There are 2 protein chains.
Amino acid sequence: MSSTTARKRRAAFRAVKHIENGMVIGLGSGSTALQAIKMIGELLDSGELYDIMGVPTSSQTMFESIKMKIPLTTLDEYPQLDLGLDGADQIDNKLNAIKGGGGALFREKIIAAACKEYILMADNTKITETLGIGQLLPIEVYPFAITPVIKAIEKLGSKVTIRVTNGKLGPVITDNGNYLIDADFGPIQDPWWLEQEIHSVPGVIETGLFLGYANLAYIGGKGSVKRLKPSIDDTLKKK
Amino acid sequence: MSSTTARKRRAAFRAVKHIENGMVIGLGSGSTALQAIKMIGELLDSGELYDIMGVPTSSQTMFESIKMKIPLTTLDEYPQLDLGLDGADQIDNKLNAIKGGGGALFREKIIAAACKEYILMADNTKITETLGIGQLLPIEVYPFAITPVIKAIEKLGSKVTIRVTNGKLGPVITDNGNYLIDADFGPIQDPWWLEQEIHSVPGVIETGLFLGYANLAYIGGKGSVKRLKPSIDDTLKKK
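Read on for a plain summary of the structure. Given the structure is predicted, the values throughout are model-derived calculations rather than measurements. (Residues numbered from 1 in each chain as written. Chains lettered and ligands numbered in written order. Predicted model: local features only at pLDDT ≥ 70, side-chain atom pairs only at ≥ 80, totals over all residues. Heavy atoms only, no water.)

**Let's talk about the interface of chain A and chain B**
It is common to give the size of an interface as the accessible area that goes away when the parts come together. Taken together, the contact pairs 29 residues of chain A with 29 residues of chain B. Around 2300 Å² of area is buried between chain A and chain B when both sides are counted, 67% of it from carbon and sulfur atoms. Interface area lost by chain A to chain B is led by Tyr 142, Phe 144 and Pro 202 of chain A, which between them contribute 28%. At the boundary of chain A with chain B, the tally comes to zero salt bridges. Where chain A packs against chain B, one counts seven residue pairs in polar contact (both at pLDDT 80 or more). Counting only elements with at least two residues in the side of chain A that touches chain B, the list comes to strand 2 (53-56), helix 4 (105-114), helix 5 (146-155), helix 6 (191-199) and strand 10 (204-207) of chain A. Element by element, the count of residues in the side of chain A that touches chain B is highest for helix 4 of chain A, at six residues. Looking at side-chain class alone, the side of chain A that touches chain B contains 17 nonpolar, six polar and six charged residues. (Contact = heavy atoms within 4.5 Å. Buried area = accessible area lost by both parts, 1.4 Å probe. Salt bridge = Lys/Arg side-chain N within 4 Å of Asp/Glu carboxyl O. Polar contact = N/O pair within 3.5 Å; in protein donor to acceptor, adjacent residues only side chain to side chain. Helix = DSSP H or I, 4+ residues; strand = E, 2+ residues; numbered from the N terminus. Nonpolar A, V, L, I, M, F, W, Y, C, P; charged D, E, K, R; others polar.)

This is how it looks when you write it as structure tokens:
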């Protein structure tokens, strides 16, 4: 197991401990979230956890959850979820985050907003002083509007590229049928302002700025896990 | 021709006069916009207009434009349009509007934002002192998020219904594959604030609040047309 994978596993392990029997869980996407899903499946299989249901944030997570025999449900049956666990591409000390590297940001954000408690899990390379340093901001865009939206996002001070894939010709198509752009804003000094500006562009579906959702984060390091609360951090005992 | 139809025609007639040869036009949706499209088609047919292209705001408008032989193009070829003509469900004296009764608000707003000049056309029953009086606010919503979004919109102080149709069982599906909800907020005292609040709900695709887009409106009355600029109105000569 690579060092980074071990750090992600450590973070996921701590987050999964928050799950209680009877809970309905938002299941995140990406490599760290998949570690958590695997652990949840194993805990269900061993009988340590039971009576859990999950709402997946992506097709990838849905398939993985079914494989791990986690019963699935929907936001229509459970519009409020007890707990959400997800990864992030970048996290600041307020636990604001950039997400969307895996292209699942729209459903991830819908689920983040639906969770009573929302925990981020990441390895310690994801921590930043300021969001946007060395990190592109993914934005999901309705294809009909892609060209004027790119012009509008560039006007806000970024360089934009349309995300392409090697799985098909041309742009990535998200689980929701849209395009993704990656916007290089450099350091984002006022993410709340930027979020509002981007959302006022018609044709923008959602941005990768996750502001004010997380009430806790576990950050996996070399043999240790940091437990972060918004703007307060304290290193936990090694495990 | 009914009295209301005649008023819509009068408004559309005045708006269409703004079209110049060589322009690329945003083509609105709904009964008043369809009157304008018919007039544009007739002017092209007679040779009074030529070298015009349109970007349609809905499937309905696309089909009608093709029928009227208006050449069509896209926002990818022309991310900025010379002129947009569209109807509205309700218009205040700042020319802020509620749109979406016909379910085309998402593309209509993308196109409104792309137009250098944007003209609303309506009969005089659409004028209001305050948006929201006797008028539901349509909102397009991503189906995955419909239940939590309804809860969030109701928390903002409205009563919400999912729009259904007699053309299929269950909810209307928009040209973009989404649901529509109609939110009864009553009088909307601060539409800019409401717009921002609704847009901050993940799963909302777009709202029917069109704020700051129109620089001109033609309002058809009984034998006359009013020409309105934002917060300034002056009755024009009868025609």
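**Some details on the pairing of strand 7 (residues 137-141) of chain B**
Residue and element names in this part refer to chain B. Of all five residues making up strand 7, five are buried, and the element is well covered by its neighbours. Burial along strand 7 is two-sided: the residues Leu 137, Ile 139 and Val 141 and Pro 138 and Glu 140 are all buried. The sheet contact formed by strand 7 and strand 9 (residues 179-184) spans five bridges and is antiparallel. Among the inter-strand pairings, Leu 137 is bridged to a residue of strand 9, identified as Ala 183. (Buried < 20%, exposed > 50% of the residue type's maximum accessible area, 1.4 Å probe, protein only. Pairing = 2+ DSSP bridges.)

**Remarks on the pattern of salt bridges**
Side chains carrying opposite charge are able to pair once their charged atoms draw close together. Here the structure, examined in full by the defined rule, presents 16 salt bridges over all chains. The salt bridge involving Glu 206 of chain A is made with Lys 109 of chain A; its shortest N-O contact spans 3.0 Å. Placement of Glu 206 of chain A in strand 10 and of Lys 109 of chain A in helix 4 is noted, with a sequence separation of 97 residues between them. Taking relative accessible area as the criterion, Lys 109 of chain A reaches 2% and is therefore assigned buried. Salt-bridge contacts for Lys 99 of chain B lead to Asp 86 of chain B; the nearest nitrogen and oxygen are separated by 3.1 Å. Here Asp 86 of chain B lies in strand 3 (residues 81-86) and Lys 99 of chain B lies in the loop between strand 5 (97-98) and helix 4 (105-114), a separation of 13 residues in the sequence. Looking at Lys 99 of chain B, the relative accessible area reads 2%, which means it is buried. In the salt-bridge network here, residues are joined through shared partners; they are Asp 86, Lys 99 and Glu 108 of chain A.

**Side note on the sheet that holds strand 8 (residues 159-162) of chain B**
All names here are of chain B. One open sheet accounts for four strands, arranged 8-9-7-10; its pairing is antiparallel. Both outer strands of the open sheet, strand 8 and strand 10 (204-207), are each paired with one neighbouring strand and no more. Shown here is a sheet whose adjacent strand axes are inclined to one another by a mean of 30°, direction ignored. (Axes fitted to C-alpha atoms, helices over the stretch in contact; angles between N-to-C directions.)

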